[in-house]
Amino acid sequence: MPSPGDPPVPGGGRRLFAAGAVLAGLAVALGAFGTHALEARVPTGRVATWETGVRYHLVHALGVMVLGLARARWPSPGLGRAGILLLAGVAVFSGSLYVLVLTDTPFLGAVTPVGGVLLIAGWATAAWSLLRNPSSPPPPPGDRTSG
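Residues numbered from 1 in each chain as written. Predicted model: local features only at pLDDT ≥ 70, side-chain atom pairs only at ≥ 80, totals over all residues. Heavy atoms only, no water.

**Details of the packing of aromatic side chains**
- This model, assessed by the stated rule, comprises 3 aromatic pairs.
- Arranged with centres 4.6 Å apart and planes meeting at 35°, the rings of Tyr56 and Phe93 form a pair that is tilted. Highlighted residues: Tyr56 in helix α2 (residues 44-73) and Phe93 in helix α3 (residues 77-103), separated in sequence by 37 residues.
- Assessed through its relative accessible area of 11%, Phe93 is described here as buried.
- Taken together, the ring pairs in this structure connect Phe33, Trp50 and Tyr98 into an aromatic cluster. (Phe/Tyr/Trp six-rings, centres within 6.5 Å; stacked < 30°, edge-to-face > 60°. Helix = DSSP H or I, 4+ residues; strand = E, 2+ residues; numbered from the N terminus. Buried < 20%, exposed > 50% of the residue type's maximum accessible area, 1.4 Å probe, protein only.)

**Some remarks on the environment of Thr105**
- Locating Thr105 in the fold gives a position in the loop between α3 and α4 (112-132).
- Overall, Thr105 belongs to the partly exposed group, its relative accessible area being 22%.
- For Thr105, the residues in contact, after removing those within four places along its chain, are Val99 and Leu100.
- Side-chain polar atoms of Thr105 contact the side chain of Thr103, separated by 2.7 Å. (Contact = heavy atoms within 4.5 Å. Polar contact = N/O pair within 3.5 Å; in protein donor to acceptor, adjacent residues only side chain to side chain.)

Have a look at this one:
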């Protein structure tokens, strides 16, 4: 989060944070759907597959929100790219699991790892972008709260 003396970042991570919030709400809705509508209609193993999709969906939605906060603090285009990779990863990873369960098309399980690679690439991009370009301003003189 920005410190009171930091200059505002145009756009900052607001869009990333909002996208993560929408993604998180969607994960909750899909989790409820899985619990209430699917359990009586699909085999137990398929419900577990749905739950895996929801778990990765929700965790990475929170991750996108964290990237939005990080981008507001440490402006970096790499953090925006990382957020896009996470959004794409959720769509491919969790989306393929959702479609697999709803349509009983097991071959979609072969698509799921592509989403996993996108998620890993998103986190790697975030780390790389922060480590190669540490743009946080130095603390003000006399500030003893950092360190």
